[in-house]
Structures are given as C-alpha cells and as structure tokens.
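# Structure assessment
Each chain, letter by letter, is given below.
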Amino acid sequence: MKRIDYKRVPNFLSGFRLLLAVALWIPAMLDRSFWVGAGLMIAGLTDVLDGYLARRWGAVTEYGSRLDSAADMVLVTCAAFWVILVEPDIFFNNKLLVLSWMLIGTASLVVGLVKFRRIPDLHLYMTKASSAAGYVFIIFMFVVGYSPLLFYIASALLILSTLESLLLQLLTQKPDEHVRSILYAYRRWRNSSGPSFS
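Residues numbered from 1 in each chain as written. Predicted model: local features only at pLDDT ≥ 70, side-chain atom pairs only at ≥ 80, totals over all residues. Heavy atoms only, no water.

This part takes up the packing of helix α1 (residues 9-23) against helix α3 (residues 33-56). Helix-helix packing is characterised by the crossing angle of the two axes and by the distance between the axes. Their axes nearest at 8 Å, the elements α1 and α3 cross at an angle of 155 degrees. As summarised for this structure, α1 and α3 are arranged roughly antiparallel, according to the angle between their axes. For the pair α1 and α3, the crossing hand works out as left-handed. When α1 is examined against α3, the residues Val9, Pro10, Leu13, Ser14, Phe16, Arg17 and Leu20 are found in contact with a partner set consisting of Gly39, Ile42, Ala43, Thr46, Asp47, Leu49, Asp50, Leu53 and Ala54. Along the lines of polarity and charge, the residues of the contact of α1 with α3 split into 10 nonpolar, 3 polar and 3 charged. (Axes fitted to C-alpha atoms, helices over the stretch in contact; angles between N-to-C directions. Helix = DSSP H or I, 4+ residues; strand = E, 2+ residues; numbered from the N terminus. Parallel < 35°, antiparallel > 145°, perpendicular 65-115°, else oblique. Left-handed = near helix turned anticlockwise from the far one by under 90°. Contact = heavy atoms within 4.5 Å. Nonpolar A, V, L, I, M, F, W, Y, C, P; charged D, E, K, R; others polar.)

Okay, the pattern of salt bridges next. Counted according to the given criterion, the structure contains 5 salt bridges. Among the ionic pairs, aspartate 50 bridges to arginine 17, the shortest N-O distance being 3.0 Å. Placement of aspartate 50 in helix α3 and of arginine 17 in helix α1 is noted, with a sequence separation of 33 residues between them. Note on accessibility: aspartate 50 and arginine 17 belong to one class, buried. Glutamate 62 is the salt-bridge partner of arginine 66, the closest N and O atoms lying 2.8 Å from each other. In this pair, arginine 66 and glutamate 62 both sit in helix α4 (residues 62-86), 4 residues apart, roughly one turn of the helix. (Salt bridge = Lys/Arg side-chain N within 4 Å of Asp/Glu carboxyl O. Buried < 20%, exposed > 50% of the residue type's maximum accessible area, 1.4 Å probe, protein only.)

Below, the structure written as structure tokens:
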C-alpha cells in the first residue's frame, strides 16, 4: 500500500482553494448567497491550514508559497465580483475607498514586476489581518447580510496592507518573503550597517 506524502497536503489545500474560487461562480451566478458564504468558509479554512501544515511538517517551498498567494489573489478577485453581483451599491457608494485600494494594489503589482521581474510573495502580518477581516465581512454578507462596519474595517485593513506591501517593495533591494512587517524590516535595517532595508 502506497504511503501518503503528507508534505504535499499544503499544496493540495492551496490548489483546492484555487479550484473552489472557480466553482463558487456557479452559486454566485444563481444567486445562492448561502452556498457562496459556505464555500468561502471552507476556502478560509484551507487558507489557514495550508501555511500552518507546511510550517509544521517542514514542507515550506517556493512553489507552495506562490501557489498559496495565487489562490488568495484569485479568490479575492472573484469575491469582489460576487459582492458586486449581490450588493453593487457597496462599491458605488464607496468609490473613494475602492479606487484607493485599486490604485495602490495596481502600483504594488507594477513595482514588483518592474523592479523584481515578478510579484513578490510577501506574507505580512497586516496582509493576514486584512485577509481575516475580508473573510469575515464577505461570509457575513452572504450568510447574514451587509454590515457597513465590517466593510469599513475590512477596507481599511486591505488598504493599509496593500500600502505596506508597496512601501516594502519600494524601499528594499530584493523581496524578502520572510519579513513580517515594515517595522520589522526597519528594525533590521537599524541594526545593520547597510544603506537600505535589505
């Protein structure tokens, strides 16, 4: 009997989240909000588990890290469209917030591609906080209903995390996937003799 390679499980969870993002378009288009919310709960669980298991089992790889980030990016993009389908007024009534996030996010992607020839795979604490807030807001909206308070909290954290990612890319000579915050990078720079954060 063939043994299960447990070190592949984290990548399987990330891949499953990527497929789930595509599959959830079906209930979203059919206006089955509850099932979209339930699917997002499962996606959130895989998002927590893949990184935790990879670290616990010593299975952290560059491929796995990029797959995790790709799955997150696809899911966030899809979720934004699902929110527009269910509550289009959220975006139209908060143009400044949405535009700010889109501009900073686009700038962050462009800086990464131009400066590093790829999108840096930064796993920042602020990104984790904004992801958690985003999951809570979207799941709550699909299962219970729209909450302006949750929307503003999630939006503020999302803008701050995107801005932090942009600043780190602008201030460093090479992307460091292990840096957890811009404050951590600043302290490390202060304790070194180098001219930059890297």
